[in-house]
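Close look at the chain arrangement
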Amino acid sequence: MSGIALLQAPPMSDRGRLAFESQHLDDLLVRVAGADRQAFAALYDATSARVYGVIVRTLRNPAYSEETAQDVYLQIWRTARDFDAARGSALSWIITMAHRRAIDRVRSEQSGRVRDTAFLASSGTTPHDEVSETVTARLESAEVRGCLQSLTDKQREAIDLAYYRGLTYPEVAEHVGAALPTVKSRIRDGLISLGKCLGVTR
């Protein structure tokens, strides 16, 4: 009888299915807060594809994306008790966390590229750290945005793609249709000009 009743039950609407899924994830996250490993495994299975999708769209690097996704789930395990269903769904909480971690990774990679390029570009009496830290610390400031206007169009485009949009050097080269050494040279020379504009002598 139960099987017949189940077959005769009307199909769940999309809205109903989504509501059921949302409640299920909320319940799983609450159980994860209680250190329930089975709930954590179920939560991972239910959300990992979406978490990875959010991250890889930001990082555009599968290896980095996998590492960042693992960081996200480690953070979920550690901070699940901070989840408040009254403020939003578990899925929203998880996706927001994934997006923030991806942005943090982009900023970290950008800072690393600035330091590496400044090291190659610097010489003379000023240690490379001074150039690197100055440009990195001010990368988002109005002062740097003003200094960007002093660069050539090609230098400004390369730096914008690499440091503001998160493209790798090979991706920048492909985007602008130039050889990789040419792109590296544009970025190096552009950063030197930025350093001078910011008052960092070489």
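Placed above this text is the structure.
In short, a report on the structure. The structure displayed is predicted, hence computed values, not measured ones.

The next point concerns helix H4 (residues 62-79). Given a rise of 1.5 Å per residue, 18 residues ought to cover 26 Å, and the 25 Å separating the end C-alpha atoms of H4 matches this to within 8%. Buried within H4 we find Ser65, Thr68, Ala69, Val72, Tyr73 and Ile76. Seen along its axis, H4 keeps its buried residues to an arc of 145°; they face one direction. Between the side-chain oxygen at the start of H4 and the backbone nitrogen of Ala63 there is a gap of 3.0 Å, and the oxygen is on Asn61.

Right, let's talk about the packing of aromatic side chains for a bit. Any aromatic ring pair is given by two values, namely how distant the centres are and how the planes are angled relative to each other. A full pass over the atoms with the stated rule returns four aromatic pairs. Aromatic pair Phe40 and Tyr73: ring centres 6.4 Å apart, planes at 80°, arrangement edge-to-face. Separated by 33 residues along the polypeptide, Phe40 in helix H3 (residues 37-59) and Tyr73 in helix H4 bring together distant segments of the chain. The exposure class of Tyr73 is buried, given its relative accessible area of 3%. Between the aromatic rings of Tyr44 and Tyr73, the centroid separation amounts to 4.7 Å while the plane-to-plane angle is 65°, which identifies the pairing as edge-to-face. On the criterion of sequence distance, the pair formed by Tyr44 in helix H3 and Tyr73 in helix H4 is long-range, its members being 29 residues apart. Given the relative accessible area of 29%, Tyr44 is considered partly exposed. Here the aromatic cluster, defined as three or more aromatic residues joined through ring pairs, consists of Phe40, Tyr44, Tyr73 and Trp77.

What counts and how
Residues numbered from 1 in each chain as written. Predicted model: local features only at pLDDT ≥ 70, side-chain atom pairs only at ≥ 80, totals over all residues. Heavy atoms only, no water. Helix = DSSP H or I, 4+ residues; strand = E, 2+ residues; numbered from the N terminus. Expected span 1.5 Å × (residues − 1). Buried < 20%, exposed > 50% of the residue type's maximum accessible area, 1.4 Å probe, protein only. Arc of directions from axis to C-beta. Polar contact = N/O pair within 3.5 Å; in protein donor to acceptor, adjacent residues only side chain to side chain. Phe/Tyr/Trp six-rings, centres within 6.5 Å; stacked < 30°, edge-to-face > 60°.

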